[in-house]
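# An overview of the molecular structure
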Amino acid sequence: MQAQIPSKAEQWIERSGALMAWAVARSDRKATYIGKLSVEQTGLKCDCVCPACGGRLQAVNAGKSPEELPPGKSLRPHFRHDAGQQQDACLVKMSQLVALQLLLQEQIIYLPPKTSHWPISGASGHIYNGTAHRDAESMRVRAREWIDEHEAKITLEDGRVVWLRLFGSSGTGQAQNGEAIITIKVDDPEVATWPAEKILEHAQLVGKWLCWEKHWQDSELATRAKEDAEQQAQNWCDFIPEELDLPASLTQAQRSESVLHWIIKGILERAQHLTTPRHSEILTRTMPDKTEERRSVYFEVRNYRISNVRLEHRLQGVVSDVICTAQATGEQPMDLLIEVAVTHKVDQAKAARIKALGLACVEIDTQRLGKGGRTTVDELRAMVLNETGNKRWIFHPDIEQSHRAAIAHFTTRHEEVTQAIATEKARTSWLMTLNDGDLLQEYLHLLRQVWGNLTPQDRRGAPCWPAELLPTVKQRGFTAMGEAVMTAPRGLLWMVDAIARHQTDRSAVALFEEAMTGAGTVRLQSYVSVLGAAITEYKSPMTTAESARWHELREVVKNSVQKGDETYARPTHHDKALCLLFPTLRERIRSQKGTQDAARQIRVNRHIEERQQAARDAVSTRQNEARLLQLEEVAEFMKEVSLFHRWMPAAGWPHDLPTTVSHVQQTLTRRDIAYALPWRQILESAWEARAAGTSLVTWMQSQKPTDLLQAESLLRILEVAWMQERKMLRSQ
């Protein structure tokens, strides 16, 4: 199918955006709207030209409404070039001229906002863009003057003069001082096709076409924009003040550090408080015995009120960044030096001079102020005055005093350890001269003094605690002597020693009963045999009642031990020491009676006997069960004999007993089951029973066979002797 040709109406719609609605009257060079012309001004009669190319224009359909257009003519009223083609430049130039003329005719003019910019470079090289702004406003026009088709000027009601100038035009008029210039920038060709109302709406309300080329407050706005940029730099600690004279040779980093140093000192100069850091360290010294002594030096965080702040104040040999009077709650005021470390921290030489002055000094490290990036003044102030992680104490009298106290402690401890080493060396030499018994007696001698709440001394009169002797005691093989059961007050050694020396606050029997019941502070139930031996060997005095109680308690212990119970059984790992400490008990202790080993052996023996008896009982049971089974088998066999066997009559062969015996003797062999039995006696008994009329089964039962084999053997002997026969055979 052929494509349909668009109608004129459709062609008008497609081309309507490019139809020029404005032209310039050649007579007065004023913009003329096509809608204002009459029918008589159609064609070249409109006497209009194009402001861009200067070509003559025709008015098409002038003075006619769409209803008046003849059929077939669908183009709306517009201007067209009489010769040549309409260009975009024609539309743009016409748009600018129309906008200028329409604005000039308005009673109230829209003045666009004005913003000034001022960039400055901070100490770090960062650029800060300052701005100053004046809002848009609408003003009544008091007078207007058309200069030419590119330029005009208006006088506002307050007397100020504003020049209106097309964008890109140099203008013929000259703006005087104090007069403003607004540039009209219209670069949309379509504007030349709009009606006046739409053009004014965009010019006055949208405001995109108007911009200030010159403003009455340009100088003031520039100053404010500069101040804004400087304020930004100051806020970010990046502004170089005039009073800070920096050498031109400094790098950007060095300039930033210098500015930061200057700002921090200014913050401190105006500050009223300062938070100082915590100081914590551990001092250590190695003593002559290779042990390590540790002392803590601690100084808590403090909040000082500061006053009388002075910068760069010179003292003897020291020029401090800041010196002030500082006072913490509850303390006396003091002079405080504040050092600001930017690139160089306080070195050892300066720290030594500060220490010599005896003045407290804290250092603020600018490299530790932020977590990265730039820092505002408010953030910097908070970090300088309130935070503690960016500060350290160079010197403080209290910290120094703690150091001196620690050093004094180390010196005292060094002397004490040295003396202790010498004492221990002398003691070791002395102990080497003692045998095991004397060593243990010395140990017991020290324990007695401890039990009596005395400061123990060895037999030489030298101060010595049992624990100091214990390593040597253990080295000699008495490794368990340090156990509480041995050394504690009212422990085993205390009780045995008290019984042996008859020096107790209670009777020996009462001590024995206390140990038996476990009522004491130390559990001694396992050692009652030792206490019993001590009571017996050292002949502890007793009343009649105590003696009776003593025998009762001994019986309880004796019965328990004899049963192998370990309640009162004695461990033997202290036996050697007890024998050396209390020789009188040696024989009883060596007897091993009442020991845990003996109790365990009793239990083992009892267990063995129980196992052996159980084995014997099991054998007997099995034998009885086998015997019952055999008797049952014999009884069943006897029933069979009663049913199927009987005596062969004596009338048969052989006729007498001797012949029968001879026959059996010749017939039985070693393989025969009856060979092992006393068959002669059996034959004689059977012969007599048969003669007496005793039944076969009754006779066999009288022989009391113990098992089936014996029963079968009896029947076999009778069979060989021709004395029994089967009833079944006979009945057949």
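Structure: see above.
On a predicted model such as this, the values are computed, not experimentally measured, just so you know.

### Observations regarding the overall build of the protein chain
Scanning the protein chain for helices and strands turns up 23 helices and 23 strands. Per-residue burial for the protein chain yields a buried fraction of 41% across its 732 residues. Within the protein chain, contacts between residues at least 6 apart in sequence are counted, and of these 64% link residues at least 24 apart. Entry remark: accessible area of the protein chain is about 40600 Å², with carbon and sulfur atoms responsible for 50%.

### A word on the environment of Ser280
With respect to the helices and strands, Ser280 occurs in strand β15 (residues 279-286). Exposure remark for Ser280: the relative accessible area of 52% places this residue in the exposed category. Taking C-alpha positions, Ser280 is 4.5 Å from Tyr298, a pair spaced 18 residues apart along the chain.

### Focus: the sheet that holds strand β2 (residues 31-33)
One open sheet holds the five strands; their spatial order is β2-β1-β3-β4-β5, and the pairing between them is antiparallel. The sheet is open, and its two edges are formed by β2 and β5 (78-81), each paired on a single side. Averaged over all adjacent pairs, the angle separating strand axes in this sheet is 55 degrees, with direction ignored. Here four bridges tie strand β4 (residues 56-60) to β5, and the two strands are oriented antiparallel to one another. Paired with Leu57 across the strands is His81, a residue of β5.

### A closer look at the packing of aromatic side chains
The full count for this structure, using the stated rule, is five aromatic pairs. With a centroid separation of 5.7 Å and 90 degrees between ring planes, the pair formed by Phe299 and Trp393 is classed as edge-to-face. Here Trp393 lies in strand β21 (residues 391-395) and Phe299 lies in strand β16 (residues 292-299), a separation of 94 residues in the sequence. You'll find Phe299 and Trp393 in the same group, each marked buried. Aromatic side chains Trp647 and Trp699 sit 5.9 Å apart centroid to centroid with 55 degrees between the ring planes, which places their arrangement in the tilted category. Here the residue Trp647 occupies a position in strand β22 (residues 645-647), and Trp699 occupies one in helix α21 (residues 696-702), the gap between them amounting to 52 residues. Sitting over the ring of Trp687, Arg690 keeps its end group 4.7 Å from the ring centre.

### Things to note about the nonpolar core
Judged by nonpolar contacts, the single largest core of 53 residues is most densely connected at Met481, Leu492, Leu493, Phe512, Phe582 and Leu585. Here the element with the most residues in this core is helix α9 (residues 436-451); it accounts for seven residues. Apart from the residues lying within four places of it in its own chain, the contact partners of Leu493 are Leu444, Leu447, Trp451, Met481, Met486, Leu578, Leu581 and Phe582. Counting 39 residues, the second-largest nonpolar core is a separate cluster that includes Leu260, Ile338, Leu385 and Trp393.

The rules behind the values
- Residues numbered from 1 in each chain as written.
- Predicted model: local features only at pLDDT ≥ 70, side-chain atom pairs only at ≥ 80, totals over all residues.
- Heavy atoms only, no water.
- Helix = DSSP H or I, 4+ residues; strand = E, 2+ residues; numbered from the N terminus.
- Buried < 20%, exposed > 50% of the residue type's maximum accessible area, 1.4 Å probe, protein only.
- Contact = heavy atoms within 4.5 Å.
- Areas by Shrake-Rupley, 256 points an atom, 1.4 Å probe, with all protein chains shown as cover.
- Pairing = 2+ DSSP bridges.
- Axes fitted to C-alpha atoms, helices over the stretch in contact; angles between N-to-C directions.
- Phe/Tyr/Trp six-rings, centres within 6.5 Å; stacked < 30°, edge-to-face > 60°.
- Lys NZ or Arg CZ within 6 Å of the ring centre and 35° of its normal.
- Core = buried A, V, L, I, M, F, W, Y, C linked by side-chain atoms within 4.5 Å.

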